[in-house]
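# Structural features, examined
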2 protein chains.
Amino acid sequence: METTGLEIVRTVAALRDQVGEWRRDGQTVALVPTMGALHEGHLSLMRQGHEICDRVCATIFVNPKQFAPSEDFETYPRGEGEDVAKLIAEGVDLLFAPDVSVMYPDNFATTVSVTGVSDGLCGAARPGFFDGVATVVSKLLLQALPDVAIFGEKDYQQLLVIRQAAQDLNIPVDVVGGPTVREADGLALSSRNAYLNEAERQQAAAIIDALGTAAANIATRRGTAKGEIAAAVQKLNDAGFTNIDYLELCDAETLVPVDDVTRPARLLVAAWLGETRLIDNIAVVATTQTK
Amino acid sequence: METTGLEIVRTVAALRDQVGEWRRDGQTVALVPTMGALHEGHLSLMRQGHEICDRVCATIFVNPKQFAPSEDFETYPRGEGEDVAKLIAEGVDLLFAPDVSVMYPDNFATTVSVTGVSDGLCGAARPGFFDGVATVVSKLLLQALPDVAIFGEKDYQQLLVIRQAAQDLNIPVDVVGGPTVREADGLALSSRNAYLNEAERQQAAAIIDALGTAAANIATRRGTAKGEIAAAVQKLNDAGFTNIDYLELCDAETLVPVDDVTRPARLLVAAWLGETRLIDNIAVVATTQTK
């Protein structure tokens, strides 16, 4: 481990010892929780961690509590060897990669639930999902006790749910978002992009095209939210998307659906290409009106 | 404040500053959460805190989330002046007494729920009660970040729920129970005893009489759990109790109902005298059988 600089730990005690040692030495620590299958989006969060803290600790845990029985827990991409190589290349200091039995011993019985920001969008489409997220992330934050925890804005609603839970439970950690990283054609990086076949991969770029056009037209008030959303949905259908869970304009802080952009808003989408569910989102901030 | 030694704080920042300063100095800190209306039971927990830690921090917060609309939140006894005098007399170092708006700001949206130990007994009789307890105590533990938190065994199920939540969420605190303190006639001290009129106060002692007899007979196998529980219920009815929410023998760790004492068990009761609900419990450990 000494030669790479990446220490790998699998117990809470070992994780806490290392993070605690750094913090007692006056070093700040950023935690970057992931489910593995690391791509450039995750790695950008590791770099962001290095920018704002002295040490970066990644976690890899495919959390069974955030998958419904019908979802892809079993087939979710896993490959610790490749992930470790990427973390080493990024100079990440510590990896916490626990077994399920470490996170959820047999008598585990506690759930962290958030209402409000978790109610609509993916919360409506995936019942129980955000309970699973809020529970596992609360645990990871309290296991590691870092200064900062970083989550990608690609999962924008998740970021808000985690921030709400941490704030409400007084978890002593700053929750920070990191910008979405995109492919050359604009597709947001996601571990689930690996599920797409070649044709679907081409079709997938329609998401950012549809979102970007709608966001620009809403921001400049060239179109109404209702009209622009309808046009974006049409674009996705035309591009071959097989189902759209939602495509909504929401307040950027509360995620309450809005039909104007008097406050910062976010346009969010979840849509299916065959068996693959993709999500994305984009900021919508009204431009100053000129007369 | 200097002359008394008791510092009173009302914000999370001030609480964390003081506890953090002690802990950075190498002093250990015990937290004793209460809803005020302090009696000898609470004060015994303060003394227990002094025995196991260098510093003791009490909290007083009448938690609205653990009262149902039909319950006694409005009338629950409050008197910070008297409570402060008692804490000073016990040499308590710090009191955290936040307003509701500090604990639950307007956009508060998170709940900690525990299944299993919280399902029966008071969990069945008071829906939502243990969610309120688990949520507020998780917050208090994470606000103060003490070494140890102490809760009375009079609220035995509550102690187990809190221990489960702290363990499951990896809250870095030892949860410790303190023995029930009783009046001369055996009535468990409770802030709600103040609701009893003189006649009810006399009748209330039947609880420990009924529990004690049943526990002794079950432990020595002079009687079956079923028969002893029926006899104890009869005693409470005869003594004038107007309703019995439960009187059950349960596994002392899981609170699963049991009908024998092959493992440590607990006999628990909740019963009403007019408008007042009283709870109590007692250990039932099988005595070694002699032939």
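Just so it is clear, the model here is predicted, and its values are computed rather than measured.

Accessible area lost on assembly of the parts is the figure often given for the size of an interface. Every contact between the two is made by 22 residues of chain B and, on the other side, 22 residues of chain A. Only β5 (110-114), α6 (129-144) and α7 (156-168) of chain B provide two or more residues apiece to the side of chain B that touches chain A. Partitioning the side of chain B that touches chain A into residue classes produces 11 nonpolar, 9 polar and 2 charged. In terms of strand pairing, strand β5 (residues 110-114) of chain A meets β5 of chain B through 5 bridges, oriented antiparallel.

The subject of this paragraph is the pairing of strand β6 (residues 148-152) of chain B. All names here are of chain B. Among the 5 residues that make up β6, 4 are buried, leaving the element largely enclosed by the rest of the structure. In the sheet, strand β2 (residues 29-34) pairs with β6 via 2 bridges, with the strands oriented parallel. Residue pairing for β6: Ala30 is matched across the bridge by Val148. Where β6 and strand β7 (residues 174-178) come together, 5 bridges link them in parallel fashion. Note that in β7 the partner of Phe151 across the bridge is Gly177. Read from β6 through α7 to β7, the crossover connection turns out right-handed.

Residue and element names in this part refer to chain B. Strand order in the open sheet formed by 3 strands is β8-β9-β10, with antiparallel pairing between adjacent strands. Two strands lie at the open edges of the sheet, namely β8 (243-251) and β10 (276-284), each paired on one side alone. The average undirected angle you get between the axes of adjacent strands in this sheet is 10°. With respect to the sheet, helix α9 (residues 206-219) is in contact with β8, β9 (265-273) and β10, its orientation differing from that of β10 by roughly 25°.

We now examine unusual backbone geometry. Positive phi, normally seen in glycine, also occurs at Leu145 of chain A, with a value near 50°. Examined against the element boundaries, Leu145 of chain A turns out to sit in the loop between α6 (129-144) and β6 (148-152). The phi dihedral of Leu255 of chain B is positive, around 65°, even though this residue is not glycine.

Superposition of chain B onto chain A requires a rotation of 180° combined with a translation of 0.0 Å along the rotation axis, giving an RMSD of 0.0 Å. Classification of the inter-copy transformation places it as that of a two-fold axis. No C-alpha of chain B lies nearer the rotation axis than that of Val112 of chain B, which sits 2.3 Å from it. Looking at the interface residues of chain B, 100% of them are also at the interface in chain A, so both copies use one shared face.

Time to look at the pairing of β10 of chain B. All names here are of chain B. Across 9 bridges, β9 lies against β10 in antiparallel orientation. Looking across to β10, one finds that Ala265 is bridged to Val284. Remark: 2 residues form the turn of the hairpin made by β9 and β10, two consecutive strands paired antiparallel; Gly274 in that turn has positive phi of roughly 60°.

All names here are of chain B. With parallel pairing, the 6 strands of this open sheet are ordered in space as β1-β4-β3-β2-β6-β7. Looking at strand neighbours, the two that pair on one side only are β1 (7-9) and β7, the edges of this open sheet. Sheet twist, expressed as the mean angle between neighbouring strand axes with direction ignored, is 25°. Contacting β1, β2, β3 (55-60) and β4 (94-96), helix α1 (residues 12-24) crosses the sheet at an angle of about 135° to β1. α7 contacts β6 and β7 of the sheet and is inclined by roughly 170° relative to β7.

All names here are of chain A. Splitting chain A by domain gives domain 1 (7-178) and domain 2 (191-281). Across the boundary between the two partners, domain 1 contributes 14 residues, which contact 14 residues of domain 2. Looking at the side of domain 1 that touches domain 2, the elements with two or more residues in it are α5 (121-125) and α7 (156-168). Split into classes, the residues belonging to the side of domain 1 that touches domain 2 amount to 9 nonpolar, 4 polar and 1 charged.

Across chain A, the average pLDDT comes to 96, with 97% of residues at 70 or higher. The ipTM value of the predicted complex is 0.95, and its pTM value is 0.96.

Thresholds applied
Residues numbered from 1 in each chain as written. Chains lettered and ligands numbered in written order. Predicted model: local features only at pLDDT ≥ 70, side-chain atom pairs only at ≥ 80, totals over all residues. Contact = placed C-beta atoms within 7 Å. Helix = DSSP H or I, 4+ residues; strand = E, 2+ residues; numbered from the N terminus. Nonpolar A, V, L, I, M, F, W, Y, C, P; charged D, E, K, R; others polar. Pairing = 2+ DSSP bridges. Buried ≥ 20, exposed ≤ 12 C-beta atoms within 10 Å, placed from the backbone. Right-handed = clockwise from strand over helix to strand, strands pointing away. Axes fitted to C-alpha atoms, helices over the stretch in contact; angles between N-to-C directions. Least-squares fit on C-alpha atoms with pLDDT ≥ 70 in both. Domains from an automatic or database assignment. pLDDT = per-residue confidence, 0-100.

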